[in-house]
Amino acid sequence: MEQKGKDLALSRRAFLKTGGAACAMFLVAGSLPSLVKPAFGAPKEESITDVLRRQFGGKQVSQSHVDIKAPIIAENGAVVPITIVSDLPMRSDDYVKRINVYAEGNAEPFVAGIDLTPANGKAEFALRIKMRKTANVRVVLETSKGKLYGAARSVKVTIGGCGG
Amino acid sequence: MPAVGRIKIRMPHTISRGQVVPVDVLVTHPMETGLRKTKDGKVIPAYFINGVDIFYGGDRITHCDWTIAVSANPFMTFYLKADKAAPLRIVYKDNKGGVYQETVQINPR
């Protein structure tokens, strides 16, 4: 009995460490479901750090060369005009390949991705986005050379814009 | 409700060759998130533009991946290096298979 308890404690530790791989052990052992449950809670909203890690694999984002023009206070979260401006070159051998836009307070932070080419002549793009609540607007630029540049700007939202 | 997929394009009237010009584009579309409910509790299904392609001549110069978090009646401004006389075609696609497009001729002097 004592031995079993020890095993459980160990596999629990292993479970926490290795996540999914350890699930099988638990299922085979048929042990306390209450131990397993917390790991399988309701799907959580993805945080901005998770999203960035998933999309860029923890690569360093240099917080430079990008400017976000956005209102300090957005009266209506359903229409928040933002402009992304970068002074990075748009030469055929070195250009901004993609602009990723995130609204950190949204259930799904990724808002839009814009693929540019040197034919755009200028790394600038404007659009209107929805924001659920006061939060940062974050932008990550990817260049054709694989470098990442970013910026963030806080926008205060007085009426949310994602319905519900 | 206004017609879905009506596109308006605004850009400088005269363009010199090689000039980088802003192009404003507005498209009418509800951009429903799928999160909103009617008064009697029914979910309004998601209906939004998820892709935009911009062609200049034969080349696709810009592509956008959009989500439900782009505002209704999406408005965007992009830049174009007008180095040739060619049509500029903007194509929107939504999640219900709708395709809306508009073409303007670019004639730099």
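Student: Which parts of the structure should I look at to understand the sheet that holds strand 8 (residues 148-157) of chain A?
Tutor: Sheets are built from strands paired through backbone hydrogen bonds, the pairs being either parallel or antiparallel. Taken in spatial order, the 9 strands make up an open sheet running 2(A)-8(A)-7(A)-4(A)-5(A)-4(B)-3(B)-6(B)-7(B), and their pairing is mixed. Of all strands in the sheet, those with a lone pairing partner are strand 2 (73-74) of chain A together with strand 7 (99-106) of chain B, marking the two edges. In the sheet, strand 4 (residues 96-103) of chain A pairs with strand 7 (residues 135-143) of chain A via 7 bridges, with the strands oriented antiparallel. Bridge assignment links Ala103 of chain A to a residue of strand 7 of chain A, and that residue is Val137 of chain A. Packing against the sheet, helix 4 (residues 48-56) of chain A makes contact with strand 4, strand 5 (110-115), strand 7 and strand 8 of chain A, and its axis sits at approximately 160 degrees to strand 4 of chain A.

Student: Explain the packing of aromatic side chains to me, please; I cannot follow it from the model alone.
Tutor: The description of two aromatic rings rests on the distance between their centres and on the angle between their planes. Residues and elements named next belong to chain B. Counted by the stated rule, this structure contains 2 aromatic pairs over all chains. Considering the side-chain rings of Trp66 and Tyr92, the 6.2 Å spacing of their centres and the 45 degrees angle between planes classify their relative orientation as tilted. Of this pair, Trp66 sits in strand 4 (residues 59-66) while Tyr92 is found in strand 6 (residues 86-94), placing the two residues 26 residues apart along the sequence. Under the relative-accessibility criterion, Trp66 is labelled buried at 4%. The cationic tip of Arg89 hangs over the ring face of Phe55; the distance from NZ or CZ to the ring centre is 4.7 Å.

Student: Can you walk me through the interface of chain B and chain A in this structure?
Tutor: Accessible area lost upon the coming together of the parts serves often as the stated size of an interface. Between chain B and chain A, the contact holds 25 residues from the first and 27 residues from the second. Counting across the chain B and chain A interface gives 1 salt bridge. Here Arg98 of chain A and Asp65 of chain B are joined by a salt bridge, their closest N and O atoms 3.0 Å apart. Seen at the junction of chain B and chain A, the total is 18 residue pairs in polar contact (both at pLDDT 80 or more). Among the residues forming the side of chain B that touches chain A, the class breakdown is 15 nonpolar, 6 polar and 4 charged. In this sheet, strand 5 (residues 75-82) of chain B lies alongside strand 6 (residues 124-129) of chain A in antiparallel orientation, the contact comprising 3 bridges. From the neighbouring strand, Leu127 of chain A faces strand 5 of chain B, where its bridge partner is Met76 of chain B.

Student: What should I look at first to understand the nonpolar core in this one?
Tutor: Generally speaking, a soluble globular protein has its nonpolar side chains buried in company with each other. Formed by 59 residues in total, the largest nonpolar core has its most connected members in Ile99 of chain A together with Trp66, Met76, Phe78 and Tyr92 of chain B. Excluding anything up to four places from it in sequence, Tyr92 of chain B contacts Ile7, Val25, Val27, Ile49, Gly51, Val52, Trp66, Met76, Gly98, Val99 and Tyr100 of chain B. Ranked by size, the runner-up nonpolar core spans 9 residues in total, among them Leu52, Val61, Val140 and Leu148 of chain A.

What counts and how
- Residues numbered from 1 in each chain as written.
- Chains lettered and ligands numbered in written order.
- Predicted model: local features only at pLDDT ≥ 70, side-chain atom pairs only at ≥ 80, totals over all residues.
- Heavy atoms only, no water.
- Pairing = 2+ DSSP bridges.
- Helix = DSSP H or I, 4+ residues; strand = E, 2+ residues; numbered from the N terminus.
- Contact = heavy atoms within 4.5 Å.
- Axes fitted to C-alpha atoms, helices over the stretch in contact; angles between N-to-C directions.
- Phe/Tyr/Trp six-rings, centres within 6.5 Å; stacked < 30°, edge-to-face > 60°.
- Buried < 20%, exposed > 50% of the residue type's maximum accessible area, 1.4 Å probe, protein only.
- Lys NZ or Arg CZ within 6 Å of the ring centre and 35° of its normal.
- Salt bridge = Lys/Arg side-chain N within 4 Å of Asp/Glu carboxyl O.
- Polar contact = N/O pair within 3.5 Å; in protein donor to acceptor, adjacent residues only side chain to side chain.
- Nonpolar A, V, L, I, M, F, W, Y, C, P; charged D, E, K, R; others polar.
- Core = buried A, V, L, I, M, F, W, Y, C linked by side-chain atoms within 4.5 Å.

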